[in-house]
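# A closer look at the structure
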Amino acid sequence: MAETLWRKLIALLIFSTFFLVLVVDYGWLIGLWALAAGACSFDKTMRGFAVTVASFGLGFYLYHTIHVHLIADISIAEVRILLQRFSLVVVVLSMATVTRPLRSFLKRPLWQASVWVPLIWAGFRETTVRSYLFIALLISGLAFLLPFILLQNVHFSWEIVAFTLSFSLVNALLEEIIWRGALLSRFVTSFGTRWAVLLTSIGFGLQHALLGMSWLSCLAFSIGGFFFSAITINAKSILPAVIWHGFFNVLMVLGGGIL
């Protein structure tokens, strides 16, 4: 039991520090992280984790490099942001071979599966994935969309609509394929459901530090990552998380949080 816990804690340390290393952006520190991640492969139980993290780390490092050296200087904000999100394809391709046998969440959702309100795994009322998602979207819209639109005084145009839909779809789909489609399924196999959700939630939050967001924002995204992961586990599919994530992206764009 203690040995298993140590493996999980080591995995948590290695996975969460990856983004901190990229933020600091010291070559020797990135190399040290790679050695630490590679050392996990000598443990048979940790080998799957090491291979997954290595492929993810390579893909995300390439994505970060593309963003910093090729995209960051583009003057048109909408083009820069969309290209940055499209470049997440690099991470998907890097992980595609490794995660192919473990795409357990890339299928039709179990819409009638049971979840609890409000924390999906715990709450005061039992409902279905479909009902929970509808309620979550409704509350999110009422809580964030209307106040943000009023405060920002948004003037709708076809350009704003096109950018909002393009950004929301691309970002939600690619991030969910990476975090809930690939990483979550792999980590569930290696460490079990609860630790897989913890790992992906913390990592999902920390990746936003690379986008220049505050640590408080990263914490908020980690909480969001928990709900995306939990509903994916219950629905046995990433589609509810893609819909929920995409709707949040719409709110962020209209609320001025992206541009």
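All values reported here derive from a predicted model rather than from experimental measurement. (Residues numbered from 1 in each chain as written. Predicted model: local features only at pLDDT ≥ 70, side-chain atom pairs only at ≥ 80, totals over all residues. Heavy atoms only, no water.)

## Describing the packing of aromatic side chains
How we decide: Note on ring pairs: Phe, Tyr and Trp rings are taken, using the six-membered ring of Trp, and paired if centres are within 6.5 Å. Classes follow the plane angle, with under 30 degrees stacked, over 60 edge-to-face and the rest tilted. Only DSSP runs of H or I reaching four residues or more are called helices, and only runs of E reaching two or more are called strands; each is numbered from the N terminus. Relative accessibility decides the category of a residue: with a 1.4 Å probe and only protein chains considered, values under 20% of the type maximum give buried, values over 50% give exposed, and everything between is partly exposed. In this analysis the charged atom, NZ for Lys or CZ for Arg, is taken to sit over a ring once it is within 6 Å of the ring centre and within 35 degrees of the ring normal.
Within the structure shown, the criterion is met by 28 aromatic pairs. Residues Phe56 and Trp179 carry aromatic rings whose centres are separated by 5.5 Å and whose planes lie at 70° to one another, so their mutual orientation is edge-to-face. Within this pair, whereas Phe56 is found in helix α3 (residues 47-71), its partner Trp179 is found in helix α7 (residues 158-191), the two being separated by 123 residues in sequence. For the pair Phe56 and Trp179, a shared accessibility class is recorded, and that class is buried. A centroid spacing of 6.0 Å and a plane angle of 20° characterise the contact between Phe163 and Phe167, whose relative ring orientation is stacked. Of this pair, Phe163 and Phe167 both sit in helix α7, 4 residues apart, roughly one helical turn. Over the ring of Phe204 we find Arg180; its NZ or CZ atom is 4.6 Å from the centre of that ring. Residue placement shows Arg194 over the ring face of Trp121; its charged tip is 4.5 Å from the ring centre.

## With respect to the UniProt feature "transmembrane region" (unreviewed entry) in the chain
Operational definition: UniProt positions are given in the numbering used here, feature names are shortened, and annotations may be inferred rather than shown by experiment.
Sites flagged by UniProt as "transmembrane region" (unreviewed entry) map to residues 12-36, 48-70, 131-150, 156-174, 186-206, 212-231 and 238-258. Taken end to end, residues 186-206 has its terminal C-alpha atoms 19 Å apart, with 95% of it in helix and 0% in strand.

## A few points about the side chain of Ser201
Here is the rule: Residues adjacent in sequence count toward polar contacts only when both atoms are side-chain atoms; beyond that, a polar contact is any pair of N or O atoms within 3.5 Å, and within protein one must be able to donate a hydrogen and the other to accept it. Any two residues having at least one pair of non-hydrogen atoms within 4.5 Å are treated as being in contact.
Considering the arrangement of structural elements, one finds Ser201 in helix α8 (residues 193-206). We classify Ser201 as buried; its relative accessible area is 6%. For Ser201, the side chain forms a polar contact with the main-chain nitrogen of Phe226, separated by 3.2 Å. Filtering out sequence-adjacent residues up to four positions away, Ser201 remains in contact with Ser222, Gly225, Phe226 and Ser229.

## A few points about the side chain of Thr52
Structurally, the position occupied by Thr52 is in helix α3. In this view, Thr52 contacts Met95, Val98, Leu183, Arg186 and Phe187; residues no more than four positions away in its chain are not counted.

## Quick word on the pairing of strand β2 (residues 123-128)
Note the threshold: Between any two strands, at least two bridges found by DSSP are needed for them to pair.
Relative to β2, strand β1 (residues 114-118) runs antiparallel, the two sharing 5 bridges. Within the sheet, the bridge partner assigned to Pro118 lies in β2 and is Gly123. A loop of 4 residues connects β1 with β2, the two strands running antiparallel in sequence, and Ile120 in this loop sits at a positive phi of about 65°.

## Topic: the nonpolar core
Considering soluble globular proteins, one finds that nonpolar side chains tend to be buried as a cluster. This is how the line gets drawn: Only buried Ala, Val, Leu, Ile, Met, Phe, Trp, Tyr and Cys residues count toward a nonpolar core, and they belong to the same one when joined by side-chain atoms within 4.5 Å.
In this structure, Phe49, Phe56, Phe60 and Phe187 are the most contacted members of the largest nonpolar core, which totals 60 residues. Among the elements that make up this core, the one with the highest residue count is α7 (10 residues). Sequence-distant contacts of Phe49, defined by excluding residues within four places in its chain, comprise Ala11, Ile14, Cys40, Phe187, Ser190 and Phe191.

## Section: the packing of α3 against α7
The criterion, for reference: Every axis in this analysis is a line fitted to C-alpha atoms, fitted for helices over the stretch in contact. Angles between the N-to-C directions lie between 0 and 180 degrees. These descriptions rest on fixed angle ranges, namely under 35 degrees for roughly parallel, over 145 for roughly antiparallel, 65 to 115 for roughly perpendicular, and the rest for oblique. Handedness of a crossing follows from how the near helix is turned relative to the far one, being left-handed for an anticlockwise turn of less than a right angle and right-handed for a clockwise one. Residue classes follow a fixed rule: Ala, Val, Leu, Ile, Met, Phe, Trp, Tyr, Cys and Pro count as nonpolar, while Asp, Glu, Lys and Arg count as charged, and any other residue, Gly among them, counts as polar.
It is the contact of α3 with α7, at a shortest axis distance of 9 Å, that shows an interaxial angle of 160°. Taken together, the axis directions place α3 and α7 in an arrangement best described as roughly antiparallel. Of the two possible hands of crossing, α3 and α7 adopt the one that is left-handed. Contacts between α3 and α7 involve Gly48, Phe49, Thr52, Val53 and Phe56 from the first element and Ile178, Trp179, Leu183, Arg186, Phe187, Ser190 and Phe191 from the second. Of the residues in the contact of α3 with α7, the class split is 8 nonpolar, 3 polar and 1 charged.

## Concerning the pattern of salt bridges
Condition: Throughout this description, the term salt bridge denotes a Lys or Arg side-chain nitrogen within 4 Å of a carboxyl oxygen of Asp or Glu.
According to the stated counting rule, one finds 3 salt bridges in the structure shown. For the salt bridge of Arg85 with Glu175, the shortest nitrogen-to-oxygen distance reads 2.9 Å. Residue Arg85 is found in helix α4 (residues 77-86), and its partner Glu175 is found in helix α7; the two are separated by 90 residues along the sequence. The same class applies to Arg85 and to Glu175, which are both buried. Here Glu176 and Arg180 are joined by a salt bridge, their closest N and O atoms 2.7 Å apart. A residue pair is termed a helical-turn pair when its members lie 3 or 4 positions apart in one helix, as Glu176 and Arg180 do in helix α7 at 4 residues.

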